[in-house]
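Fold and contact review
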Amino acid sequence: QVQFVESGGGLVQPGGSLRLSCTVSGVTFSFSTMGWYRQAPGKQRELVAVISNGGGTTNYADSVKGRFTISRDNAKKTVFLQMNSLKPEDTAVYFCNRAWVTMRTGNDFGSWGQGTQVTVSS
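Residues numbered from 1 in each chain as written. Predicted model: local features only at pLDDT ≥ 70, side-chain atom pairs only at ≥ 80, totals over all residues. Heavy atoms only, no water.

1. Focus on the side chain of S52
The residue S52 is located in the loop between β5 (46–51) and β6 (58–60) in this model. Classification of S52 by relative accessible area gives buried; the value is 12%. Residue contacts for S52: discarding those within four places in its chain leaves T33, T57, R72 and V101. (Helix = DSSP H or I, 4+ residues; strand = E, 2+ residues; numbered from the N terminus. Buried < 20%, exposed > 50% of the residue type's maximum accessible area, 1.4 Å probe, protein only. Contact = heavy atoms within 4.5 Å.)

Structural data, given as structure tokens:
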């Protein structure tokens, strides 16, 4: 079965940076378009970035465009999210999972990891 290990979160001041990692096992990672999702307290989970299976196509939610960069290393079965110029509204638990490269949701693997907490606060 699919397993996710997300890491890299933490407490950071507004304007700071973090780099998240997610290592995936149990699926053919190199065949999968992957995405980073986030869920803030009291809100629905939202998709913020996607990357095609080969890494050649990326897309972002408007709220993070120009600040976040998604990348992947298929040899290590890992997807990354570089987050710069962080804002308090970026505070959430961040998860990785499969997604459509068009930013549609609904094709995740059916299970989720624990996520990694990102808190942006002064």
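Having seen the model, we can carry on.
2. Let's talk about the sheet that holds strand β1 (residues 3–7)
Taking strand neighbours across the sheet as the criterion, the four strands line up as β1-β3-β8-β7 in an open arrangement whose pairing is antiparallel. Among the strands making up the open sheet, the edge pair consists of β1 and β7 (68–73). Each neighbouring strand pair of the sheet contributes to a mean axis angle of 15 degrees, computed without reference to strand direction. Pairing geometry for strand β3 (residues 18–25) and strand β8 (residues 78–83), over six bridges, is antiparallel. Bridge pairing links T23 to T78 in β8. (Pairing = 2+ DSSP bridges. Axes fitted to C-alpha atoms, helices over the stretch in contact; angles between N-to-C directions.)

As far as function goes, none of this settles anything; it's purely spatial.
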